[in-house]
Amino acid sequence: MKRREIFAGNWKMYKTYQDAVDLVKGLSAGVKKTDGREYAIFIPAPYLRDISSLCADTLFVTGAQNMYFENQGAFTGEISPLMVRDCGAAFILIGHSERRHIFHETDEDVNKKVRAALTHRLQPMICVGELLNERENNETLQVLERQVKGALLNIEKSDMAKISIAYEPVWAIGTGKVATPEIAEEAHISIRNIIKGLYGSDISESIPVLYGGSVKPDNIAGLYKMNNIDGVLVGGASLETKDFLPIVNVKN
């Protein structure tokens, strides 16, 4: 079965407006269309509408890096799924490790955001992954099971086609460390097995599972060769065309 492939960049809290415009122009000029491959960039909220408009005639679609799960209300500083959709985004990043571990978002928060995203026709990219001490204590599978099941609680099978999962071992994010292709593949297989237990093998085999964690031009080829890695979620290396283009243009 041919799965969706998604190559995504998460800009985090970087870039001025002009930097963002210049980066999109550089990416759109250098990206090479590959059948079945999707390209997404997760934009800081203040620029989401303008960059979404700029991407309209390119191969890239946009997503927001975070949102609250309510449609509106007295939630100072938050953005709603309605706002994200109104700004032209197609994706929403949910449960990124920095949201979980810096801002203390729980599995319940993640699940509420997933359900809100689906209600408003956004495609959730759900991030899961273990801390270094959890890996060292052989708890990776338990962490993945808790996070995946928590995120997908009460999500209907019919909605799974809109969802992607990004495996991001927290110990490899922004550290320069990267899971070997074999370590990443093992985690991706575990994620598929968890989903198989929830929704069956057809959903398990069709859902895109991306790898995120210090992805760079010099390690993308090895990761992409793995059967269960369906693209990547790139942090720091998505901030410069010279780094991101070799990743999104990796050959089959």
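First, a word on what this report is: a plain description of the structure on this page. (Residues numbered from 1 in each chain as written. Predicted model: local features only at pLDDT ≥ 70, side-chain atom pairs only at ≥ 80, totals over all residues. Heavy atoms only, no water.)

This brings us to helix α8 (residues 181–199). Between the first and last C-alpha of α8 there are 26 Å, a value that for 19 residues agrees with the 27 Å anticipated at 1.5 Å per step. Here α8 has its buried residues at A184, E185, A187, H188, S190, I191, R192, I194, I195 and Y199. Within two residues after α8, G200 carries a phi angle of roughly 100°, on the positive side. (Helix = DSSP H or I, 4+ residues; strand = E, 2+ residues; numbered from the N terminus. Expected span 1.5 Å × (residues − 1). Buried < 20%, exposed > 50% of the residue type's maximum accessible area, 1.4 Å probe, protein only.)

For the pair helix α1 (residues 17–30) and helix α11 (residues 241–248), interaxial distance at closest approach is 10 Å and the crossing angle is 35°. Regarding α1 and α11, the two cross each other, and that crossing is right-handed. Between α1, through L23, G26, L27 and G30, and α11, the contact on the second element is made entirely by T241, F244 and L245. Among the residues making up the contact of α1 with α11, the classes are represented as 4 nonpolar, 3 polar and no charged. (Axes fitted to C-alpha atoms, helices over the stretch in contact; angles between N-to-C directions. Left-handed = near helix turned anticlockwise from the far one by under 90°. Contact = heavy atoms within 4.5 Å. Nonpolar A, V, L, I, M, F, W, Y, C, P; charged D, E, K, R; others polar.)

What follows deals with the pattern of salt bridges. One pass over the full model with this rule turns up 19 salt bridges. A salt bridge links D202 to K157; its shortest N-O distance comes to 3.6 Å. Residue D202 is located in helix α9 (residues 201–206), and its partner K157 is located in the loop between α7 (140–151) and β6 (164–167); the two are separated by 45 residues in the primary sequence. The exposure class of K157 is partly exposed, given its relative accessible area of 42%. Via salt bridges that share partners, R3, R192, E205 and D230 belong to a single interconnected network. (Salt bridge = Lys/Arg side-chain N within 4 Å of Asp/Glu carboxyl O.)

Our next topic: the packing of aromatic side chains. Scanning the entire structure with this criterion turns up 7 aromatic pairs. Look at Y39 and F60: their rings are 5.7 Å apart centre to centre, the planes differ by 55°, and that puts the pair in the tilted class. Residue Y39 is located in strand β2 (residues 37–43), and its partner F60 is located in strand β3 (residues 60–64); the two are separated by 21 residues in the primary sequence. Of the two residues examined, Y39 and F60, each falls in the buried class. (Phe/Tyr/Trp six-rings, centres within 6.5 Å; stacked < 30°, edge-to-face > 60°.)

With that settled, the discussion passes to the packing of helix α5 (residues 107–119) against α7. It is the contact of α5 with α7, at a shortest axis distance of 8 Å, that shows an interaxial angle of 40°. Judged by the sense of rotation from one axis to the other, the crossing of α5 with α7 is right-handed. Between α5, through D107, V110, N111 and V114, and α7, the contact on the second element is made entirely by R146, Q147, G150 and A151. Residue composition of the contact of α5 with α7, by class: 3 nonpolar, 3 polar and 2 charged.

Moving on, we get to the environment of I126. The residue I126 is located in strand β5 (residues 123–128) in this model. Residue class for I126 comes out buried when judged on its relative accessible area of 0%. Through-space distance from the C-alpha of I126 to that of L152 is 9.4 Å; in sequence the pair is 26 residues apart. In contact with I126, not counting residues within four places along its chain, are I94, V110, V114, A151, L152, I163, S164, I165 and A166.

Side chains of strand β4 (residues 91–94) alternate between two faces, with F91 and L93 and I92 and I94 buried alike. Note that β3 and β4 share 2 bridges and pair parallel. Looking across to β4, one finds that A64 is bridged to I92. The handedness of the β3 to β4 crossover, carried by helix α3 (residues 81–86), is right-handed. Sheet topology note: the β4/β5 ladder contains 4 bridges and is parallel. Counted as the bridge partner of F91 is Q123 from β5. (Pairing = 2+ DSSP bridges. Right-handed = clockwise from strand over helix to strand, strands pointing away.)

On to unusual backbone geometry. Residues other than glycine seldom take positive phi values, yet K15 does so here, at roughly 85°. Mapped onto the elements, K15 comes out in the loop between β1 (5–10) and α1. Accessibility expressed as a relative area gives 23% for K15, which makes it partly exposed. Of note in this structure, S214 is not a glycine but carries a positive phi near 55°. By secondary structure assignment, the location of S214 is in the loop between β7 (209–211) and α10 (220–224). The exposure class of S214 is buried, given its relative accessible area of 12%.

Function cannot be read off these values alone, since they describe shape.
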